[in-house]
Amino acid sequence: MSRDPRFDILFEPVKIGPVTARNRFYQVPHCSGMGYRYPNAEAHLRGMKAEGGWAVVSTQEAEIHPTSDLTPANEARLWDDGDLPALNAVTERIHAHGSLAAIQLVHNGLHVANRFSRMIPLAPSHAISDSLDPVQARAMDKTDIADMRGWYRSAALRAKRAGFDIVYLYAGHDMSVLQHFLSRRHNDRSDEYGGSFENRLRLFREILDDVREAIGDSCALAVRLAVDELMGPSGITCEGEGKDIISALAEFPDLSDVNLSAWSNDSQTARFSEEGYQEPYIRFVKSVTTKPVVGVGRYTSPDSMVRVVKQGIVDFIGAARPSIADPYLPKKIEEGRIDDIRECIGCNICTSGDNTNVPMRCTQNPTIGEEWRKSWHPETIAISVAPEPALIIGGGPAGLEAARALAQRGVDVVLAEGSGEWGGRVARECRLPGLSTWGRVRDWRIGQLSTRVNAGLYLHSRLSASDVLQYGIPHVAIATGARWRIDGVGRTPQSTTRVSLARHPRLSRHHPFRWAAGGAGRWTCHRLRRRLLLYGQRARRTARQGRPHGHLHHAGIPGRPLEQKHAGTGTCSKAPHRTRGRDRHGHGSCRTHERSAGTVVRLQRQDPSGRLRHPRPGHCPPALRNSVAGAQGTRRRVG
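Residues numbered from 1 in each chain as written. Predicted model: local features only at pLDDT ≥ 70, side-chain atom pairs only at ≥ 80, totals over all residues. Heavy atoms only, no water.

1. As for the overall build of the protein chain
Our working rule: Runs of E in the DSSP output that reach at least two residues are strands. Runs of H or I that reach at least four are helices, and both are numbered from the N terminus. When a residue's accessible area, from a 1.4 Å probe over protein chains only, is under 20% of the maximum for its type it is buried; when over 50% it is exposed; and in between it is partly exposed. Contact criterion: two residues are considered in contact whenever any of their non-hydrogen atoms come within 4.5 Å of each other. Shrake-Rupley sampling with a 1.4 Å probe provides the accessible areas, and residues are treated as covered by the protein chains on show and by no other component.
Each helix and strand counted, the protein chain has 18 helices and 29 strands in total. When burial is assessed residue by residue, the protein chain has 52% of its 639 residues classed as buried. Contacts in the protein chain between residues far apart in sequence, at least 24 positions, make up 66% of those at least 6 positions apart. For the protein chain, the accessible surface area stands at approximately 29,300 Å², while carbon and sulfur atoms represent 51% of it.

What follows is the structure, given as structure tokens:
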């Protein structure tokens, strides 16, 4: 198929300083969870984006010095020459497909705790580190500032040696020392680097000059800026200093990459924002600079992409999540295969990988992150040498993807769904407010299967074990999923912790809390204790069997006898609060606690039916008995 002429503008080359991008598709810097620890996986991931048609492919942020140590996060690194081989591999994979390679240099300032390097974090002013660690960032003196400039220069020289075409200076998401100096919130210096807007911009200007000199005229210089923090007067705004920064820098950088801060605002989920949600904040940028501008907005529609270019909002279609969901998005538009685009649903499971410091995943693209380790490709899959028919039971996301992949391999597939609609849980979830894009998980796979002559799709086809055996299909996959529990049970399968509030003027009107037993029970105590403290009351936990969890008692009036309210009677009795628990070996115990209290928080182990539960030794739950019986040949209904 040929490209629709409406989209020709997206494939115009765009000049970025001394280099030229072959089209307007630009993968902006984004974390992958692979970074310096998994260099081969990182290189193949970025190379796949270039193969799919992205004209510019960027790394994630690259730490420039041990004082910017984000451990345990797994980003890129440019601490010294030892980091060059990993980055060389990235640029080689990107260049192999004719794309430009970009690297984002960063010193994270007070955003790090330096857990690996154990160095003291640096900041414009004395501040608590923006991490969970009890670490203080110290104010940079003039020597530190001179060192910072030298570190950026050295990193830029190394980036050039590694083969990068575009070198970024990162001043966004409240995670860069450059943005910290710009921010009145973080910078309360009284010297030439603090106070007025020009003073707070000074270090940024100096480092821009240093990096420009280092990379010369063979690499482009880009800046990534937060033009609005959505904090009103307390932060940078697109009407205020966000616009002032862009205007002051104007023509100096070869490209401006503009977005919202912090990253949670930049990467908003589909539930709370629509495609192009950043346009109102970045629209002004093209009016104050003639240099190319890239912006993001979770764009997946080619028509929307054409619109923002023609309206003069951006020159490049920036993307992180859409390039993860479909690395081949540009090529599919170019080849006229619009219906084949695997659109991002905005669920943000990809960003969760960065929070847990692991390689990312994608709801839409199961191959992401496995390009090297498993040699998975988002578009191609090996044809089966001797295909045998397969039956997939269950038309939810897993069943649809299994059927699609098998059909692509040349296998004759029968997909049977017991209900009257495809998609399983997604079919219900996408009807919730703000979650309509989740339906793309179902729609794309149904669309792909509908073009396959070797795929048979059947609704209203609930199957029994005997039905499956009668068909005689050699390969059967059961993808019937599970049901959400609605009884409040969490991670602990056999019991819950019930928390009831006997009497507190601010808390008793709420429904009883139900949490998983064990660790979650301790967390419940902690949260309730904090809530009671907010109301000016005293609360403390008492240990049971030598452990720091069990019961939380609220001490209201000193010396007041404990009062326990009887359910349904409205009366109170003065009595010790007795609770029954179990020790770590599963043995029952009964201990009595007497405390002066205005409120008793009662923790009880219960099963979903509401009864107190003390599992008997050797007791086999019914669900497990059924499961074992099924494995021994008992016929059960499935589907």
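Next comes the rest of the account.
2. Overview of the pattern of salt bridges
For clarity, the cut-off: The term salt bridge refers to a side-chain nitrogen of Lys or Arg lying within 4 Å of a carboxyl oxygen of Asp or Glu.
Taken as a whole and assessed by the stated rule, the structure comprises 39 salt bridges. With its nearest N and O atoms 3.5 Å apart, the salt bridge here joins Glu 379 to Arg 342. In this pair, Glu 379 is assigned in the loop between α12 (349-356) and β15 (390-393) and Arg 342 in the loop between α11 (329-334) and α12, connecting sequence segments 37 residues apart.

3. Structural notes on the sheet that holds strand β9 (residues 136-139)
Strand pairing in a sheet relies on backbone hydrogen bonds. The paired strands run either parallel or antiparallel. For clarity, the cut-off: In this scheme, strands are said to pair when DSSP sees at least two bridges between them.
Strands sit in the order β7-β9-β8 across an open sheet of three strands; the sheet is mixed. Because the sheet does not close on itself, it has two edges, and the strands there are β7 (122-123) and β8 (127-128). The sheet contact formed by β8 and β9 spans two bridges and is antiparallel. Residue pairing for β9: Ala 127 is matched across the bridge by Ala 137.

4. Things to note about the side chain of Ser 323
To keep it simple, the criterion reads: Residues adjacent in sequence count toward polar contacts only when both atoms are side-chain atoms; beyond that, a polar contact is any pair of N or O atoms within 3.5 Å, and within protein one must be able to donate a hydrogen and the other to accept it.
Along the chain, the position of Ser 323 falls in helix α10 (residues 321-325). Of note is the side chain of Ser 323, whose polar atom sits 2.6 Å from the backbone oxygen of Ala 320. Setting aside anything within four residues of it in sequence, one finds Ser 323 in contact with Gln 27, His 30, Lys 49 and Trp 54.

5. Concerning the packing of aromatic side chains
Here is the rule: Note on ring pairs: Phe, Tyr and Trp rings are taken, using the six-membered ring of Trp, and paired if centres are within 6.5 Å. Classes follow the plane angle, with under 30 degrees stacked, over 60 edge-to-face and the rest tilted. For a ring to carry a charge above it, either NZ of a lysine or CZ of an arginine must fall within 6 Å of the ring centroid while also lying within 35 degrees of the normal to the ring plane.
This structure, assessed with the given rule, holds five aromatic pairs. In textbook terms, an aromatic cluster arises when at least three aromatic residues are bridged by ring pairs, as seen for Phe 11, Phe 25 and Trp 54. Sitting above the plane of the Tyr 36 ring, Arg 77 keeps its charged end 4.0 Å from the centroid. Over the ring of Trp 444 we find Arg 342; its NZ or CZ atom is 4.7 Å from the centre of that ring.

6. Concerning the pairing of β15
Covered by surrounding structure in β15 are Ala 390 and Ile 392 together with Leu 391 and Ile 393, the residues of both alternating faces. Bridge count between β15 and strand β16 (residues 413-416): four bridges; the pairing is parallel. Each residue of the ladder has a partner; that of Leu 391, found in β16, is Val 414. Where β15 meets strand β19 (residues 475-478), four bridges bridge the pair, whose relative direction is parallel. Across the sheet, residue Leu 391 finds its bridge partner in β19, namely Val 476.

7. Focus: the packing of helix α13 (residues 397-408) against helix α15 (residues 440-450)
For clarity, the cut-off: Whenever a helix is involved, its axis is fitted only over the stretch in contact; in every case the axis is a line through C-alpha atoms, and angles between N-to-C directions fall within 0 to 180 degrees. To sort the angles, those under 35 degrees are grouped as roughly parallel, those over 145 as roughly antiparallel, those from 65 to 115 as roughly perpendicular, and the leftovers as oblique. Throughout, a crossing is termed right-handed when the near helix is turned clockwise from the far one, and left-handed when it is turned anticlockwise from it by less than a right angle. Residues were grouped as follows: Ala, Val, Leu, Ile, Met, Phe, Trp, Tyr, Cys and Pro as nonpolar; Asp, Glu, Lys and Arg as charged; and all remaining residues, including Gly, as polar.
Where α13 contacts α15, the two axes come as close as 10 Å, and the packing angle between them is 30°. The angle between α13 and α15 falls in the class roughly parallel. In this structure, the crossing between α13 and α15 has a hand that is left-handed. Counting all contacts with α13, which are made through Pro 397, Leu 400, Glu 401, Ala 403, Arg 404 and Ala 407, the residues of α15 involved are Val 441, Arg 442, Trp 444, Arg 445, Ile 446, Gln 448 and Leu 449. Looking at side-chain class alone, the contact of α13 with α15 contains eight nonpolar, one polar and four charged residues.

8. Considering the packing of helix α1 (residues 39-51) against helix α2 (residues 84-95)
Contact geometry for α1 and α2: axes closest at 8 Å, N-to-C directions at 20°. As summarised for this structure, α1 and α2 are arranged roughly parallel, according to the angle between their axes. For the crossing formed where α1 meets α2, the hand is right-handed. Residues Pro 39, Glu 42, Ala 43, His 44, Arg 46, Gly 47 and Ala 50 of α1 pack against Ala 86, Ala 89, Val 90, Arg 93 and Ile 94 of α2. Classifying every residue of the contact of α1 with α2 by side-chain character gives seven nonpolar, two polar and three charged.

9. Details of the sheet that holds strand β17 (residues 455-458)
Spatially, four strands are ordered β17-β16-β15-β19 in an open sheet, and the strand pairing comes out parallel. For this open sheet the edge positions go to β17 and β19, each flanked by a neighbour on one side alone. Averaged over all pairs of adjacent strands, the angle between their axes in this sheet comes to 15°, without regard to strand direction. Across the face of the sheet, α13 comes into contact with β15, β16 and β17 while running at roughly 170° to β16.

10. Brief notes about α2
Let me state the cut-off plainly: Multiplying 1.5 Å by the residue count of a helix minus one yields the expected span of that helix. Throughout, the arc means the angular range of directions from the helix axis out to the C-beta atoms.
Over its twelve residues, α2 runs 16 Å from end to end, which matches the ideal 16 Å to within 8%, given 1.5 Å per residue. Buried residues of α2: Leu 84, Leu 87, Val 90, Thr 91 and Ile 94, and no others. Around the axis of α2, the buried residues are gathered within 120° of arc, so they sit on the same side. In α2, the exposed positions angled more than 90 degrees off the buried face are occupied by Pro 85 and Glu 92. Looking at the buried side of α2, the elements it contacts are α1, β4 (56-63), β5 (76-77), β6 (100-106) and α3 (142-161).

11. Overview of the nonpolar core
Applicable threshold: Grouping buried Ala, Val, Leu, Ile, Met, Phe, Trp, Tyr and Cys residues that are joined through side-chain atoms within 4.5 Å yields what is termed a nonpolar core.
Judged by nonpolar contacts, the single largest core of 75 residues is most densely connected at Leu 10, Tyr 152, Leu 169 and Phe 204. With nine residues, the top contributor of residues to this core is helix α5 (residues 197-215). Here Leu 10 is in contact with Asn 23, Arg 24, Phe 25, Pro 302, Met 305, Val 306, Val 309 and Ile 317, once residues within four sequence places are set aside. Counting 19 residues, the second largest nonpolar core, distinct from the first, contains Val 14, Leu 255, Val 294 and Phe 316.

12. Re the confidence of the model for the protein chain
Selection rule: On a range of 0 to 100, pLDDT expresses the predictor's confidence in each residue.
Taken as a whole, the protein chain shows an average pLDDT of 83; of its residues, 77% reach a score of 70 or greater. Across residues 495-526 the pLDDT falls below 50, and counting only partners more than four positions away or on other chains, this stretch makes 83 contacts in the model. Counting contacts from residues 531-639, a segment whose pLDDT is below 50, to residues more than four positions away or on other chains yields 196 contacts.

13. Focus: α3
Along its 20 residues, α3 runs 29 Å from first to last C-alpha, staying within 8% of the 28 Å computed at 1.5 Å per residue. Along α3, the residues that are buried comprise Asp 144, Ile 145, Met 148, Trp 151, Tyr 152, Ala 155, Ala 156, Arg 158 and Ala 159. The arc that holds every buried residue of α3, seen down its axis, measures 165°, which confines them to one face. For α3, the exposed residues lying more than 90 degrees away from the buried face are Thr 143 and Arg 161. The N-terminus of α3 is capped by Asp 141, whose side-chain oxygen sits 3.1 Å from the backbone nitrogen of Thr 143. Positioned one or two residues after α3, Gly 163 has a phi angle of 100°, which is positive.

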